[in-house]
Amino acid sequence: MSTDDLERIFQRAKQGKALFKDREVLTPDYIPARLPFRDAQSSAIAEVLAPVLHGSKPSNLLLYGKTGTGKTAVARYVLSKLKEQTDTQDLTTVYVNTRLANTEYRTLAELGGTLGLKLPFTGLSMGELLSRVEQEIQARHTRVILVLDEIDYLVKNSTDEILYGLTRSNEQLSPGFLSLVGISNDLQFKESLDPRVLSSLSEEELVFPPYTVTELQEILAERAGLAFRKGAMSSSAINLCAAIAGSEHGDARRAVDLLRISGEVAEREGLEQVDDESVRKASAKMEQDRIDEALRSLPIQNKAILLASSRFPSGTNTGELYIAYNNICKRSGLEVLTQRRVSGILAELDLLGLVEASVVSQGRRGRTKRIRLLIGLDKLEKILAEDPTFEAINRT
DNA sequence: CCTCCACTGGAAACCTAGGCTC
DNA sequence: GAGCCTAGGTTTCCAGTGGAGG
């Protein structure tokens, strides 16, 4: 890229009018001043939590709904309003996303951290950790409302030990108490839960239906009004955003993301207005970015397996791929994993949408996974070439 | 209708790297 | 330092299986 190119980019940025008024409004962390179409849910949660204001313990609460239906936003919104009502120190609200926290341990540690405890990354037993947190709550006479977002993830990836512990400590604490608000994307996660935990956790339940396309349109229009300058966003572009996001299960978060990226695309191209074309480009870009990012952040072994599957443009099966994978490992000095593990990694790659690995039966010739690469060869090679491990191979 | 392939996928055990307490 | 904890990735072991070819 020459300096001329750079100049042209900057020049265009200077000339083109800034389309955004306040980009923040379209970031995932933004909590809107008002949540359209969620009044019923907001007030239901408020009803459940209200007792905390005169010192009694609210029921535990479970929120259900698919991604982007506003569960998290509503929960945080109500919590922040609740906070405004109490000026005392004795109400602590904690929000933990268990998927980001990743493990039971880190979830609890995060709770402890918000309470002001200093906890190590690892090393304590779960029991020890729990009792430390309990002690802190008692010592402070504090009331805690703990929001566990994506709680299904926690249950799926470990036991429900922590939930059991938390619901139990609930009963034992005094003074002070701990109320739980669980948020789940998965409507069936209840089935994998210990019945004791379930009955305690879901004293109250609330379901969030997906947004309809018309609802999305209104939400987006409102956000767009705050985020963009007047006239910088065509209404047909808003409708297109709503339609694209709506066709993917009424996910409001993705709709808002799409809106923001459309704006960025249009701004970069020096347009006066975000049009349908920008939205389409943004939509394609989001999909592309998702794949690139998934590829880049893959562990080395997963990359090696992808590389192996790229040797078979018309698809292959586990056994054949394992042989190719073995070759690649030998040539790049990589440790060779067992076939069992490779099979597991293939399932992971399938989940990421990088590879299609479906189990097929070939009668006499056994059962195996039919494996097909779902990403472009050139793209894969380009990104994997960034990894020094595969240098030797790429040259041949 | 039966066989038997080439795996699948569950379960448990193992290993490493971290950290605690005494 | 000994003896205990955890996470997370891996290996080991193995019972289970869909369906083409007999």
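Residues numbered from 1 in each chain as written. Chains lettered and ligands numbered in written order. Predicted model: local features only at pLDDT ≥ 70, side-chain atom pairs only at ≥ 80, totals over all residues. Heavy atoms only, no water.

## Concerning the protein's contact with DNA strand C
Defined as follows: We define proximity as follows: a residue is near a molecule or strand when any one of its heavy atoms falls within 4 Å of that partner. In protein, a polar contact means a hydrogen-donor-capable atom and an acceptor-capable atom, both N or O and within 3.5 Å, with residues adjacent in sequence counting only if both atoms are side-chain atoms; elsewhere, any N or O pair within 3.5 Å suffices. Strands here mean DSSP runs of E at least two residues long; helices mean DSSP runs of H or I at least four residues long; both are numbered from the N terminus. Amino acids outside the nonpolar list (Ala, Val, Leu, Ile, Met, Phe, Trp, Tyr, Cys, Pro) and the charged list (Asp, Glu, Lys, Arg) are all regarded as polar, and Gly is one of them.
Neighbouring residues of DNA strand C: 18 residues in total, closest Thr103, Thr338, Arg341, Ser361 and Arg367. Close to the protein, within 4 Å, the atoms of DNA strand C are drawn from sugar and phosphate at a rate of 69%. Within the contact set of DNA strand C, a phosphate oxygen lies 2.9 Å away from a side-chain nitrogen or oxygen of Thr338. Elements that contribute at least two residues to the surface near DNA strand C include exactly α5 (104–114) and α16 (339–352). Of the residues contributing to the surface near DNA strand C, the split by class is 4 nonpolar, 9 polar and 5 charged.

## A closer look at the protein's contact with DNA strand B
Near DNA strand B there are 18 residues, and of these Thr318, Arg340, Gly363, Arg364 and Gly366 occur at the shortest range. The sugar-phosphate share of atoms of DNA strand B within 4 Å of the protein amounts to 66%. In this structure, Gly319 approaches DNA strand B through a main-chain N or O atom, which is 3.3 Å from a sugar or linking oxygen. Between Arg364 and DNA strand B, the recorded distance is 2.7 Å, taken from a side-chain N or O atom to a base oxygen. When contributions to the surface near DNA strand B are tallied by element, the ones reaching two or more residues are α15 (318–332), α16 and β8 (367–373).

## Considerations on helix α11 (residues 235–247)
Note the cut-off: A helix is expected to reach a length of 1.5 Å times the quantity of its residues less one. Summary of the burial criterion: residues with accessible area below 20% of their type's maximum are buried, those above 50% are exposed, and those between are partly exposed, where the area comes from a 1.4 Å probe applied to protein chains only. Note on contacts: a residue pair is in contact if any heavy atoms of the two residues lie within 4.5 Å.
Helix length check: α11 (13 residues) gives 18 Å between terminal C-alpha atoms against 18 Å at 1.5 Å per residue, within 8%. Along α11, the residues that are buried comprise Ala237, Ile238, Leu240, Cys241, Ala242, Ile244, Ala245 and Gly246. Contact partners of the buried residues in α11: α10 (213–227), α12 (252–268) and α13 (276–296). One or two residues past the end of α11 sits His249, with phi positive at roughly 65 degrees.

## With respect to the packing of α13 against helix α17 (residues 377–384)
Put simply, the rule is: The convention used is that axes are lines fitted to C-alpha atoms, helices contributing only their stretch in contact, and that angles between N-to-C directions extend from 0 to 180 degrees. Here the word oblique covers every angle except those under 35 degrees (roughly parallel), over 145 (roughly antiparallel) and from 65 to 115 (roughly perpendicular). Each crossing is labelled by how the near helix is turned from the far one, with a counterclockwise turn of less than a right angle marking it left-handed and a clockwise turn marking it right-handed.
Interaxial distance between α13 and α17 falls to 10 Å at its minimum, and their mutual angle equals 45 degrees. Classed by the angle they form, the pair α13 and α17 counts as oblique. Regarding α13 and α17, the two cross each other, and that crossing is right-handed. Note on element contacts: α17 touches α13 through Lys379, Leu380 and Ile383, opposite Gln288, Asp292, Leu295 and Arg296. Looking at the contact of α13 with α17 residue by residue, the classes come out as 3 nonpolar, 1 polar and 3 charged.

## Section: a nonpolar patch on the surface
This is how the line gets drawn: Surface patches are defined over residues having more than 30% relative accessible area and no salt bridge, joining like charges when they lie within 9 Å and nonpolar side chains (Val, Leu, Ile, Met, Phe, Trp, Tyr) when within 5 Å. The protein chains shown are the only cover counted for residues, whose accessible areas, like all others here, come from Shrake-Rupley with a 1.4 Å probe. Each reported salt bridge corresponds to a side-chain nitrogen of Lys or Arg within 4 Å of a carboxyl oxygen of Asp or Glu.
A cluster of nonpolar side chains, contributed by Leu6, Ile9 and Phe10, occupies part of the molecular surface with about 280 Å² of accessible area. By the secondary structure assignment, Leu6 is in helix α1 (residues 3–15).

## A closer look at the sheet that holds strand β4 (residues 177–184)
Operational definition: Paired strands, in this sense, are two strands between which DSSP finds at least two bridges.
Spatial ordering of the open sheet is given by β2-β3-β4-β1-β5, a layout of 5 strands whose pairing is parallel. A strand with exactly one partner marks an edge of an open sheet, and here the two such strands are β2 (91–97) and β5 (204–208). Strand-to-strand twist across the sheet, computed as the mean angle between neighbouring axes with direction ignored, equals 15 degrees. Taken together, the 4 bridges between strand β1 (residues 61–65) and β4 define a ladder with parallel strand orientation. Bridge assignment links Leu62 to a residue of β4, and that residue is Gly182. Sheet contacts for helix α3 (residues 71–85): β1, β2, β3 (143–149), β4 and β5; angle to β2, the most-contacted strand, approximately 165 degrees.

## Things to note about the packing of aromatic side chains
Put simply, the test is: For this analysis, a ring pair means two rings from Phe, Tyr or Trp (six-membered ring only for Trp) whose centres lie within 6.5 Å, classed as stacked if their planes differ by under 30 degrees, edge-to-face if by over 60, and tilted for the remaining angles. Charges are assigned to positions over rings by a cutoff of 6 Å between ring centre and Lys NZ or Arg CZ, combined with an angular limit of 35 degrees from the ring normal.
All chains considered together, the criterion is met by 2 aromatic pairs. Here Arg38 stacks its cationic end above the ring of Tyr211, 4.2 Å away from the centre of that ring. When the ring centre of Tyr95 is taken as origin, the NZ or CZ atom of Arg76, which lies over that ring, is 4.5 Å away.

## Focus: the pattern of salt bridges
Scanning the model with the defined rule gives 15 salt bridges in all. Measuring nitrogen to oxygen at the nearest pair gives 2.9 Å for the salt bridge that ties Glu386 to Arg296. Placement of Glu386 in the loop between α17 and α18 (391–395) and of Arg296 in helix α13 is noted, with a sequence separation of 90 residues between them. Given a relative accessible area of 48%, Glu386 falls into the partly exposed group. A relative accessible area of 38% means that Arg296 is categorised as partly exposed. Salt bridges sharing common partners tie together Arg23, Asp257, Arg260, Glu264 and Glu267.

## Quick word on the sheet that holds strand β6 (residues 316–317)
Adjacent strands of a sheet pair through backbone hydrogen bonds, lying either parallel or antiparallel. The strand order β6-β8-β7 describes an open sheet built from 3 strands, whose pairing is antiparallel. Strand pairing shows two members of the sheet lacking a second neighbour, β6 and β7 (355–361), which therefore form its edges. As judged from the 2 bridges shared by β6 and β8, these two strands associate in the antiparallel manner. Along β8, the bridge assignment pairs Asn317 with Arg370.

## A look at the packing of α15 against α16
At a minimum axis distance of 11 Å, the contact between α15 and α16 shows a crossing angle of 105 degrees. Relative to α16, α15 is oriented roughly perpendicular. Here α15 contributes Thr318, Leu321, Tyr322 and Tyr325 to the contact with α16, which in turn contributes Gln339, Val342 and Leu346. Each residue belonging to the contact of α15 with α16 can be placed in one class, and the counts come to 5 nonpolar, 2 polar and no charged.

## Considering the environment of Ser309
Summarising the element assignment, Ser309 is placed in helix α14 (residues 300–309). As a C-alpha pair, Ser309 and Tyr325 span 16 residues in sequence and 8.1 Å in three-dimensional space. With sequence-adjacent residues up to four places away left out, Ser309 is seen in contact with Leu321, Val355, Ile371 and Leu373.

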